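Descriptive structure summary
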Amino acid sequence: MEQRIGFGYDVHQLAKERKLILGGVDIPSEVGLLGHSDADVLLHAVCDALLGAAALGDIGKHFPDTDERYKGINSLTLLEHVYHLLQEKKYSIGNIDSTIVLEKPKISPYVDEMKKKISSVLKIKIDQISIKATTSEKLGFIGSGEGAVAYAVTLIFRENK
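Summary of the structure given here. (Residues numbered from 1 in each chain as written. Predicted model: local features only at pLDDT ≥ 70, side-chain atom pairs only at ≥ 80, totals over all residues. Heavy atoms only, no water.)

**Observations regarding the packing of helix H3 (residues 75–88) against helix H4 (residues 111–122)**
One way to put it is that H3 packs onto H4 with a least axis distance of 9 Å and a crossing angle of 35 degrees. Helix-helix and strand crossings are classified by hand; for H3 and H4 the assignment is right-handed. Only Lys117, Ile118, Val121 and Leu122 of H4 make contact with H3, whose side of the interface consists of Leu76, Leu79, Glu80 and Tyr83. When the residues that make up the contact of H3 with H4 are grouped by side-chain class, the tally is 6 nonpolar, no polar and 2 charged. (Axes fitted to C-alpha atoms, helices over the stretch in contact; angles between N-to-C directions. Helix = DSSP H or I, 4+ residues; strand = E, 2+ residues; numbered from the N terminus. Left-handed = near helix turned anticlockwise from the far one by under 90°. Contact = heavy atoms within 4.5 Å. Nonpolar A, V, L, I, M, F, W, Y, C, P; charged D, E, K, R; others polar.)

Put into structure tokens, the structure is as follows:
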């Protein structure tokens, strides 16, 4: 069996008059993430981790921010496209481990819903997905409320022919 590990990272600025979408979940907040799509840092990091594990490039290669087709797009749609790319290459997902770094609001009440959405798109069990949340203890651009970061690592595999 071939096993591969992928790592993903994404960062977006926080801005007023934007929705805060994380893991496909609309989280009540005074500010949201700024970006060409819905700016879901968690799903972008997961997409990059999966693409990287399969050596398929990165999210910018597949969904460039210069392409109007992706303006405002729901990142669950991007994740679904990545899933199909993995299916074409006969990869299965072992697990996803991720961390969101955001000073506020608290994310923990929404983690189960995020996991449900991700597991539904990727057709994996909820217990194959870990989503953790932390702050930067008021340090740096995250601590001052200017942005958010997400990290993801994933294991994919395929049976040897």
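The rest of the description comes next.
**Structural notes on the pattern of salt bridges**
Enumeration over the complete set of coordinates arrives at 5 salt bridges. When the shortest N-O distance is used, the salt bridge between Arg158 and Glu2 registers 2.6 Å. One end of the pair, Arg158, is in strand S7 (residues 147–158); the other, Glu2, is in strand S1 (residues 2–16), and 156 residues separate them in sequence. Judged by its relative accessible area of 25%, Arg158 falls in the partly exposed class. Salt bridges linked by common partners bring Glu2, Arg4 and Arg158 together as one network. (Salt bridge = Lys/Arg side-chain N within 4 Å of Asp/Glu carboxyl O. Buried < 20%, exposed > 50% of the residue type's maximum accessible area, 1.4 Å probe, protein only.)

**Concerning a nonpolar patch on the surface**
Together, Ile5, Phe7, Tyr9, Val11, Phe141, Tyr151 and Val153 give the surface a local cluster of nonpolar side chains, amounting to about 660 Å² of exposed area. The set of elements that each furnish at least two residues to the nonpolar patch consists of S1 and S7. Of all the elements, S1 adds the most residues to the nonpolar patch, at 4 residues. Relative to the assigned elements, Tyr151 resides in strand S7. (Patch = residues over 30% accessible without salt bridge, like charges linked within 9 Å, V, L, I, M, F, W, Y side chains within 5 Å. Areas by Shrake-Rupley, 256 points an atom, 1.4 Å probe, with all protein chains shown as cover.)

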